[in-house]
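Listed here are the chains, written in short residue letters.
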Amino acid sequence: IQVKAQLTFAAVAIVFLLLVFFFWKIQILDHQQYWRQAEANRIREIILPPQRGLIKDRNGKILATNIASFQVSIIRENCIDIEQSFQKISRLFGLEIPVLRERIKKYEYLPMFQPIVIMDNLDVDEVSRVKARQAEFPELIIQAEPKRDYPYKTLAAHVIGYLQEISQQEIAQSNPKRRPGDLVGRTGIERMYENVLVGKEGRLLEIADSMGRRRGEISRQDPVPGQDINLTLDFQIQYRAEELLEGREGAVVVLDPRTGEILALTSFPTFDPNKFISRFSPEEWLDLLQDPEFPLENRAIRGLYAPGSVFKLAIALGALDSRVVNEWKTFYCTGSIRIYGYPRACWFKGGHGSMNLTNGIKNSCNIFFYQVGKSMGIEEIAKYSRMMGLGAMTGIDLSGEKPGLVPDPDWKKKARDE
């Protein structure tokens, strides 16, 4: 009996010592860790997104603005069983569970108690549904955010551009101040002036109870809105240009010849940048990229086209400067001619007859300018074309511009081995 009592005493003593050790470890050694977790559970940091700067035309008409919107986020640490939460949230919003799971997995690297957006652009009914069942869904919080809105939809879409969710790689490489889920400018003015338009986010520290309900505010730093941008576009001219171009593939650019200001720049087919505000699926994005009409392509600054008869003015200026022609020099137009062994025709089949430079320009005579160009030589044509800025960037503040092409013998040898 005495041996059994001693063994029992020893067992109790060991258990007691273990309990003391673990209490000591939790309260002394791991004190900071559990204190941080407790504070994180009690104090919640809410990011207050700034209003993005407005984009206006030259007369102050708003082409890109912001409207009130709500999003719902999940706090993983408030989930008793995250799979069970997925099922309940799926029924609440009609979201597919794989979509929810993928969204959480995408941002699993975020710190504890950091809200992860699972759905945005909520309507009043959806917001009310969450608020009314907050006790049942302590893992969900509703946040207000300004949402980008393009009131005229496709109007000037290629100039204004669109927003898209920033990637984790972009945050790591060049945007440490941006957060997962942020929308950033991808094309157009939205991209080129991202740093001007974006503003500075604010922060709210609030006290939350164990059910995730707000119990008080500790501190608040209000967001600073982004700066507005005024374009040189004229709404009425832009609207008319798009109206005339609709249904055709091409581009229209209208300039003020006195200042070089762009009054209208449109490309068709086009797109509605509002579609990019909702975080659509990779499949929807792929469908847009693979659209055979290439609606995202800005043909005004990226399309490479033969210039047509407007190039006759470049030939005329080069020929005058190089003294190939003067005001009296004439060439004869019979309606057709052979140049480098290939037949070329004038738009006027009967021919214009003898023409000097003034009449050649006035009648836009093809044969006159074929002969002037042959007299200049290809190298000279290319030289004067480049002097006038052809084949180079214009420097327009829109992303993705292509420089164009001025062909010469070196180019033809490289491109066609001829």
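These numbers were taken from a predicted model, which means no experiment stands behind them.

> I'd love a proper account of the overall build of the protein chain, names of residues and values included.
Counting its secondary structure elements, the protein chain contains 17 helices and 16 strands. The C-alpha atoms of the protein chain give a radius of gyration of 34 Å, which is well past the 22 Å a tight globule of 418 residues would have. Burial statistics for the protein chain: of 418 residues in total, 39% are counted as buried. Taking all contacts inside the protein chain whose residues are at least 6 apart in sequence as the whole, residues at least 24 apart take part in 67%. In the structure as shown, the protein chain presents an accessible area of about 25,400 Å², 56% of it carried by carbon and sulfur atoms. In the protein chain, the 55 positive side-chain charges and the 53 negative ones have mean positions that sit 3 Å from each other.

> For unusual backbone geometry, give the residues involved together with the corresponding values.
Of the consecutive residues Phe268 and Pro269, the connecting peptide bond is found in the cis state with omega at 5°. Tracing the sequence through the fold places Pro269 in the loop between strand S12 (262–268) and helix H11 (282–289). The phi angle at Arg323 is positive, at roughly 65°, despite the residue not being glycine. Along the chain, Arg323 turns up in the loop between helix H13 (311–321) and strand S13 (331–333). Judged by relative accessible area, which is 75%, Arg323 ranks as exposed. Positive phi, normally seen in glycine, also occurs at Tyr340, with a value near 50°. Relative to the elements of secondary structure, Tyr340 occurs in the loop between strand S14 (336–339) and strand S15 (342–345).

> Describe the confidence of the model for the protein chain, listing the residues and the values that go with them.
Should the pLDDT be low somewhere, the predicted coordinates at that spot are not to be read in detail. Across the protein chain, the average pLDDT comes to 87, with 94% of residues at or above 70. For the protein chain, per-element mean pLDDT is lowest for helix H2 (residues 31–42), which scores 63, and highest for strand S2 (residues 55–56), which scores 98.

> Before we move on, could you go through the pattern of salt bridges and cite the residues and values that matter?
A side chain of one charge can pair with a side chain of the opposite charge if their charged atoms are brought near each other. On inspection of all chains with the given rule, the structure shows 18 salt bridges. Of the charged contacts, one joins Arg52 and Glu190 as a salt bridge, the two residues approaching to 2.9 Å between their closest N and O atoms. Pair noted here: Arg52 is in the loop between strand S1 (43–48) and S2 and Glu190 is in helix H8 (residues 188–192), with a separation of 138 residues, a long-range link. For the pair Arg52 and Glu190, one class covers both residues: buried. A salt bridge links Glu297 to Arg302; its shortest N-O distance comes to 2.9 Å.

> Which residues make up helix H5 (residues 124–132), and what values go with them?
Because an α-helix completes one turn every 3.6 residues, residues spaced three or four positions apart along the sequence face the same direction. Every buried residue of H5 is listed here: Glu126, Val127 and Val130. Seen from one end, H5 has its buried residues packed into an arc of 100°, which puts them on one side. Every exposed residue of H5 that faces more than 90 degrees away from the buried side is listed here: Val124, Asp125 and Ala132. Buried residues belonging to H5 abut strand S3 (62–74), helix H3 (82–93), strand S4 (116–119) and strand S5 (140–149). Where H5 begins, the capping side chain belongs to Asp123, and its oxygen is found 3.2 Å from the backbone nitrogen of Asp125.

Definitions and limits used
- Residues numbered from 1 in each chain as written.
- Predicted model: local features only at pLDDT ≥ 70, side-chain atom pairs only at ≥ 80, totals over all residues.
- Heavy atoms only, no water.
- Helix = DSSP H or I, 4+ residues; strand = E, 2+ residues; numbered from the N terminus.
- Rg over C-alpha atoms; globule rule 2.2 N^0.38 Å.
- Buried < 20%, exposed > 50% of the residue type's maximum accessible area, 1.4 Å probe, protein only.
- Contact = heavy atoms within 4.5 Å.
- Areas by Shrake-Rupley, 256 points an atom, 1.4 Å probe, with all protein chains shown as cover.
- Lys, Arg positive; Asp, Glu negative; His and termini not counted.
- Charge placed at Lys NZ, Arg CZ, Asp CG, Glu CD.
- pLDDT = per-residue confidence, 0-100.
- Salt bridge = Lys/Arg side-chain N within 4 Å of Asp/Glu carboxyl O.
- Arc of directions from axis to C-beta.
- Polar contact = N/O pair within 3.5 Å; in protein donor to acceptor, adjacent residues only side chain to side chain.

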